Amino acid sequence: MAFNNALTPTWIAPGATQTWSYSWGDNRGAQYATADVKTPGALMWATQQGERMETDGHITYFVTFRNDGPNWCYYNLHGGGLT
């Protein structure tokens, strides 16, 4: 299942990293997210992807981003699964 423009956009400084978590309240299998960049010329990297199974069986997904661009970047998430 693809998703775009997910969660509330935020700013990240040049050279900074931020970790996001997201969940649908169930287990959607392998999911990957990248930065849905809103700032022209920005360079964002997804440096880590992970998941945690919660006690009720649902999965919480995690992604860490690094801003390698020269300017502040405004962004949120887009991505999807492997199917």
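Residues numbered from 1 in each chain as written. Predicted model: local features only at pLDDT ≥ 70, side-chain atom pairs only at ≥ 80, totals over all residues. Heavy atoms only, no water.

A. Main features of the side chain of Gln31. Following the sequence through the fold, Gln31 ends up in strand β3 (residues 31-37). Among the polar contacts listed, one links the side chain of Gln31 to the backbone nitrogen of Gly81, at a separation of 3.5 Å. Gln31 has contacts with Met1, Phe3, Tyr22, Trp24, Gln49, Tyr61, Gly80 and Gly81, leaving out every residue within four places of it along the chain. (Helix = DSSP H or I, 4+ residues; strand = E, 2+ residues; numbered from the N terminus. Polar contact = N/O pair within 3.5 Å; in protein donor to acceptor, adjacent residues only side chain to side chain. Contact = heavy atoms within 4.5 Å.)

B. The sheet that holds strand β5 (residues 59-67), seen in detail. Spatially, three strands are ordered β2-β5-β4 in an open sheet, and the strand pairing comes out antiparallel. Each end of this open sheet is capped by a strand with a single partner; those strands are β2 (17-22) and β4 (44-53). Between one strand axis and the next, the sheet turns by 20 degrees as a mean value, whatever way the strands run. Note: β4 against β5, nine bridges, orientation antiparallel. Note that in β5 the partner of Arg52 across the bridge is Thr60. (Pairing = 2+ DSSP bridges. Axes fitted to C-alpha atoms, helices over the stretch in contact; angles between N-to-C directions.)

C. Quick look at unusual backbone geometry. For Asn5, which is not glycine, the phi dihedral falls at a positive 50 degrees. Note that Asn5 resides in strand β1 (residues 3-12).

This is a description of form; function is not addressed.
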